[in-house]
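Below are the chains, spelled out letter by letter.
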Amino acid sequence: MRMKVPITGTVLEITPRVVGDPDDPIRMIKMNLGDVSWKLINLDLDNEEMEIEVTPTPHVTRALGYDDEHGFPAVEVRTKTGPELQTALEYARSFSTEVKTKAELYALSGSPRLKNKFKGTKSATEKI
Amino acid sequence: MSCTVLSTLDLSPADAAVEEVLDGKFFFSVEEPIKEGTMPTVAVAPGSDAYPAGYHVGNVGGLPAIDADLAAGNIKDGVTIFGTLGTFINTLNDEDLGIQYSTIHTGTFSTIYRRVTGYDIAGSTAVTVNEKTATYETNALVLAISVFVCSAEDASSLKLQLHMDGVQIAESGFISTTTTRYTLTGSRSMSGSKVVETKVENYNVAARWFAPCAYANGDNFDVLAVGAVYPS
């Protein structure tokens, strides 16, 4: 599932390509999307957002409360059901700019707005 | 006698100039003397992109007969040059690839623990747990693979991230409480000395333990491999 989320961080360079501050990288606002992973698809500094491809974690691990024969905590791993996968995606999507406004998401996350000294003078998007 | 014939003809339509007549050929014009053309005989050559003015003999074999390199296999797939449709699809040679790895160790497996700072809602940033700095040629396409074998204090707090040149590229699902392998991949165009990092983000308001697996000598088990494809 693809969705758009606001970004934070500091932009150091835009041309010839986008460079973020290693001490304050350009990244998704601090938003816990739940048990999903994601990859960056498109970075849009002009609109202070990134498009990401979200994938739910395929397995559930449950501790069984005792150690196995090797001394490690015994666990049960099972594949998530279809409804569980759908629920994970829907939860993540609730934090997208399609569902909430950017202002709401920044306020919810506590993350500062993107620091982009080039805003209004240079335009930058980067398709990954 | 021929002069007598010429004198009886209207020669005014004969408007050729010497540069319009082939070198080595002769013609009469209204006024004597006989004139020799100066137009050079020229040809396109395989070693030059010049297209000289003058008389071209031509070649029934077309341009490919002049330069055998003008062939479908030498032209990018889908591009037509002088009527030849290219079929070449670029593939990588070993010398196109520059690959570097963080140190890979061998030894006895064990686990180390690292405290990850609690979630400071206003300004927390992820903790770097592996990084690789390398120098790339201009406009290199850099590919990164981060493989981490680790566990976390609880199952809904910590996530791994991949950052390339100050931009977050990917994020994992929650790190499990049991030792699990996580793989993050990404690619970006980069030039010069750049850093690729694996980080751990804590989404809990409290500090949480992060436990990367390691060998008995304390070296981490995790691998951050970066490779670059350089434009030719």
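Nothing here was measured: the structure is a model prediction, and the numbers come from that model. (Residues numbered from 1 in each chain as written. Chains lettered and ligands numbered in written order. Predicted model: local features only at pLDDT ≥ 70, side-chain atom pairs only at ≥ 80, totals over all residues. Heavy atoms only, no water.)

Student: What am I meant to see in the pattern of salt bridges here?
Tutor: Within this structure, the stated rule accounts for eleven salt bridges over all chains. B:Glu201 is paired through a salt bridge with A:Lys30; the nearest N and O atoms lie 2.6 Å apart. Highlighted residues: B:Glu201 in strand S13 (residues 180-202) and A:Lys30 in the loop between strand S4 (27-28) and strand S5 (36-44), drawn from two different chains. No difference in accessibility class separates B:Glu201 from A:Lys30, as the two residues are buried. With its nearest N and O atoms 3.5 Å apart, the salt bridge here joins A:Asp35 to A:Lys80. Linking A:Asp35 in the loop between S4 and S5 with A:Lys80 in the loop between strand S8 (73-79) and helix H1 (82-93), this pair joins segments that are 45 residues apart in sequence. Under the relative-accessibility criterion, A:Asp35 is labelled partly exposed at 23%. Taken together, the shared-partner salt bridges connect A:Asp24, A:Arg27 and A:Lys115 into one network. (Salt bridge = Lys/Arg side-chain N within 4 Å of Asp/Glu carboxyl O. Helix = DSSP H or I, 4+ residues; strand = E, 2+ residues; numbered from the N terminus. Buried < 20%, exposed > 50% of the residue type's maximum accessible area, 1.4 Å probe, protein only.)

Student: Is there a simple way to explain the packing of aromatic side chains in this structure?
Tutor: The description of two aromatic rings rests on the distance between their centres and on the angle between their planes. Evaluated as defined, the whole model comprises one aromatic pair over all chains. In this structure, A:Lys100 is placed above the aromatic ring of A:Phe95, and the distance from its NZ or CZ to the ring centre is 5.4 Å. (Phe/Tyr/Trp six-rings, centres within 6.5 Å; stacked < 30°, edge-to-face > 60°. Lys NZ or Arg CZ within 6 Å of the ring centre and 35° of its normal.)

Student: Before we go on, may I ask you to explain the sheet that holds strand S3 (residues 19-20) of chain A in this structure?
Tutor: Within a beta sheet, neighbouring strands are joined by backbone hydrogen bonds and run either parallel or antiparallel to one another. Residues and elements named next belong to chain A. Strands sit in the order S3-S2-S9 across an open sheet of three strands; the sheet is mixed. The open sheet has two edge strands, S3 and strand S9 (115-116), and neither has a second partner. Across two bridges, the pairing between strand S2 (residues 10-13) and S3 is antiparallel. Along S3, the bridge assignment pairs Val11 with Gly20. (Pairing = 2+ DSSP bridges.)

Student: Is there a simple way to think about unusual backbone geometry in this case?
Tutor: The phi torsion of most residues other than glycine is negative, and most of the peptide bonds are trans. Cis peptide bonds are those with omega within 30 degrees of zero, and the linkage from A:Thr15 to A:Pro16 qualifies with 0°. As for its position among the elements, A:Pro16 is in the loop between S2 and S3. One non-glycine residue, A:Glu48, lies in the positive phi region at around 50°. For A:Glu48, a relative accessible area of 9% gives the class buried. Of note in the backbone geometry, B:Asn139 takes a positive phi value of approximately 60° without being a glycine. Among the structural elements, B:Asn139 can be located in strand S10 (residues 127-152).

Student: Would you take a moment to explain the side chain of A:Asn116 for this structure?
Tutor: Residue and element names in this part refer to chain A. Looking at the element boundaries, Asn116 is found in strand S9. Within the structure, the side chain of Asn116 is placed 3.0 Å from the backbone nitrogen of Phe118, a separation counted as a polar contact. Not counting the four nearest positions on each side in its chain, Asn116 is found in contact with Val11, Ile14 and Leu45. (Polar contact = N/O pair within 3.5 Å; in protein donor to acceptor, adjacent residues only side chain to side chain. Contact = heavy atoms within 4.5 Å.)

Student: How should the interface of chain A and chain B be read in this particular structure?
Tutor: Accessible area lost during the coming together of the parts is what is often quoted as the interface size. In this complex, chain A contributes 34 residues to the contact, which on the side of chain B involves 32 residues. In total, about 2,500 Å² of surface goes out of reach between chain A and chain B, with carbon and sulfur atoms giving 48% of it. Where chain A packs against chain B, one counts one salt bridge. Seen at the junction of chain A and chain B, the total is 16 residue pairs in polar contact (both at pLDDT 80 or more). For the side of chain A that touches chain B, the secondary structure elements donating two or more residues are S3, S4, S5 and S8 of chain A. Looking at which element gives the most residues to the side of chain A that touches chain B, the answer is S5(A), with six residues. Here the residues of the side of chain A that touches chain B are counted per class, giving 17 nonpolar, nine polar and eight charged. Examined bridge by bridge, S5(A) and strand S12 (residues 167-174) of chain B share two bridges and lie antiparallel to one another. Bridging from a neighbouring strand, A:Trp38 pairs with B:Glu171 of S12(B). (Buried area = accessible area lost by both parts, 1.4 Å probe. Nonpolar A, V, L, I, M, F, W, Y, C, P; charged D, E, K, R; others polar.)

Student: Would you mind showing me how to read the nonpolar core here?
Tutor: It is characteristic of soluble globular proteins that their nonpolar side chains tend to be buried jointly. With 55 residues, the main nonpolar core has A:Met28, A:Leu33 and B:Tyr136 as its most contacted residues. For this core, the leading source of residues is S10(B), giving nine residues. Not counting the four nearest positions on each side in its chain, A:Leu33 is found in contact with A:Met3, A:Met28, A:Trp38, A:Ile52, A:Tyr91, A:Ala92, A:Phe95 and B:Lys159. (Core = buried A, V, L, I, M, F, W, Y, C linked by side-chain atoms within 4.5 Å.)

Student: Would you mind showing me how to read the pairing of strand S11 (residues 158-164) of chain B here?
Tutor: Residues in a regular strand point their side chains to alternate faces of the sheet. Residues and elements named next belong to chain B. The buried fraction of S11 amounts to seven of the seven residues, a majority that puts the element mostly inside the structure. Along S11, one buried face is formed by Leu158, Leu160, Leu162 and Met164 and the opposite face, lined by Lys159, Gln161 and His163, is buried too. Here seven bridges tie S11 to S13, and the two strands are oriented antiparallel to one another. If you follow Gln161 over to S13, its bridge partner there is Lys199. Sheet topology places S11 next to S12; five bridges connect them, and they run antiparallel. The residue bridging Leu162 from the neighbouring strand is Ala170, located in S12. Here S11 hands over to S12 after two residues, with Asp165 in that stretch at a positive phi of 55°.

Worth remembering: the numbers are spatial, not functional.
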